[in-house]
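A look at the structure
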Amino acid sequence: MALPQDGNIVILTGAGISAESGLDTFRDAGGLWAQHRVEDVATPEAFARNADLVLNFYDSRREGAAAARPNAAHAALARLDREWRGGLLIVTQNVDDLHERAGAERLLHMHGSLALAWCTACDARVPIAQDLIDRPACPACGASGHLRPDVVWFGEMPYEMDRIYAALGIVDLFVSIGTSGAVYPAAGFVQEARTSGAHCLEINLEPSQGTHVFHEARHGQAGQVVPAWVDEVLDMA
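One structure accompanies this document, and this report is about it. Not measured: the values here are computed from a predicted model.

Some details on the overall build of the protein chain
Summing up its helical and strand segments, the protein chain has ten helices and nine strands in all. At 18 Å, the protein chain has a C-alpha radius of gyration in line with the 18 Å of a compact globule built from 237 residues. Seen through its principal axes, the protein chain has C-alpha atoms that stretch 55 × 35 × 30 Å. For the protein chain, the proportion of contacts with a sequence separation of at least 24, taken over those separated by at least 6, is 64%. Accessible area for the protein chain stands at about 10,800 Å²; split by element, carbon and sulfur atoms hold 49% of it.

Some points on the packing of aromatic side chains
Following the criterion strictly, the structure yields five aromatic pairs and no others. Measuring from centroid to centroid gives 5.4 Å for F47 and W153, while their planes differ by 45°, and the two rings are tilted. Pair noted here: F47 is in helix α4 (residues 44-49) and W153 is in the loop between β6 (147-151) and α8 (161-168), with a separation of 106 residues, a long-range link. Note on Y165 and F189: the rings are 5.8 Å apart at their centroids and 85° apart in plane angle, and the pair reads as edge-to-face. Note that Y165 is positioned in helix α8 and F189 in helix α9 (residues 189-195), a separation of 24 residues in sequence. According to the relative accessible area criterion, Y165 is partly exposed, its value standing at 34%. Its relative accessible area of 1% is what places F189 among the buried residues. Feature note: the residues F47, F57, Y58 and W153 constitute an aromatic cluster, connected by ring pairs.

Digging into helix α10 (residues 222-236)
Helix length check: α10, at 15 residues, gives a terminal C-alpha distance of 21 Å against a target of 21 Å (1.5 Å per residue), a fit within 8%. Taken together, the buried positions of α10 are occupied by A222, G223, V225, V226, W229, V230, V233 and L234. Buried residues of α10, seen end-on, are gathered within an arc of 165° and therefore sit on one face of the element. Facing away from the buried surface of α10 by more than 90 degrees, the exposed residues are Q224 and D235.

So, the sheet that holds strand β4 (residues 112-119)
Strand-to-strand pairing in sheets goes through backbone hydrogen bonds, with the strands running parallel or antiparallel. In space, the three strands of this open sheet follow the order β5-β4-β6, with antiparallel pairing throughout. Strands at the two margins of the open sheet, each flanked by one partner only, are β5 (125-127) and β6. Averaged over all adjacent pairs, the angle separating strand axes in this sheet is 50°, with direction ignored. Relative to β6, β4 is paired through five bridges, and the arrangement is antiparallel. Each residue of the ladder has a partner; that of S113, found in β6, is D150.

Let's talk about the side chain of T13
Relative to the elements of secondary structure, T13 occurs in strand β1 (residues 9-13). Taking relative accessible area as the criterion, T13 reaches 0% and is therefore assigned buried. One polar contact links T13 to H99, side chain to side chain, over a distance of 3.0 Å. When near neighbours in sequence (up to four residues on either side) are disregarded, T13 contacts L77, I90, V91, T92, Q93, N94, H99, I177 and T179.

Rules behind the numbers
- Residues numbered from 1 in each chain as written.
- Predicted model: local features only at pLDDT ≥ 70, side-chain atom pairs only at ≥ 80, totals over all residues.
- Heavy atoms only, no water.
- Helix = DSSP H or I, 4+ residues; strand = E, 2+ residues; numbered from the N terminus.
- Rg over C-alpha atoms; globule rule 2.2 N^0.38 Å.
- Contact = heavy atoms within 4.5 Å.
- Areas by Shrake-Rupley, 256 points an atom, 1.4 Å probe, with all protein chains shown as cover.
- Phe/Tyr/Trp six-rings, centres within 6.5 Å; stacked < 30°, edge-to-face > 60°.
- Buried < 20%, exposed > 50% of the residue type's maximum accessible area, 1.4 Å probe, protein only.
- Expected span 1.5 Å × (residues − 1).
- Arc of directions from axis to C-beta.
- Pairing = 2+ DSSP bridges.
- Axes fitted to C-alpha atoms, helices over the stretch in contact; angles between N-to-C directions.
- Polar contact = N/O pair within 3.5 Å; in protein donor to acceptor, adjacent residues only side chain to side chain.

Functional significance is not addressed by these values, which are geometric in nature.
Given below as structure tokens:
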């Protein structure tokens, strides 16, 4: 495709890009939702019903994410962030910090971050390194027992949607990497991008539920396909 040298790129990343770093996906066989019922660990109602179960689940995920390392796909997107002179926004559905540790800066977490806790007493979002199951005090207000993971649960509104839709309104190239195409509103971003006249590319291990909506699809390991695609884009610049 022909992409202006100062063109606008929006990249959506999902669990598939972190799978090669050893983190579980959600909907694959053996994934997180095969191990745990969504209703038990990823809703406000679950937290109200059994906070210990929910906190243990996210403490375990935080520990696993901290032990993981960015892979070649994360590194390639960080390189694109450094070298692309046009507009770029990486929107990740992932709550790990592998994009940041690879060096990406033009990034937002639409589903929150395991590195943060939300204090329901003072509404602060604060960095957290210790287990929430221990009911630590909020660093902002000092209240104990009010911290929950700063992660968007089912039934809650994803973060920074205005900023995302503004970027999709002027995008020239939209790329979805490692997503199932099953979770809205993220699954609808490709349609928003098409409405803006963008070329739309899917990069995934296998066809997603929304593959047919994209202009182009490349299937294979993200650690191989994403660096090759980034090379192509930067060679055009």
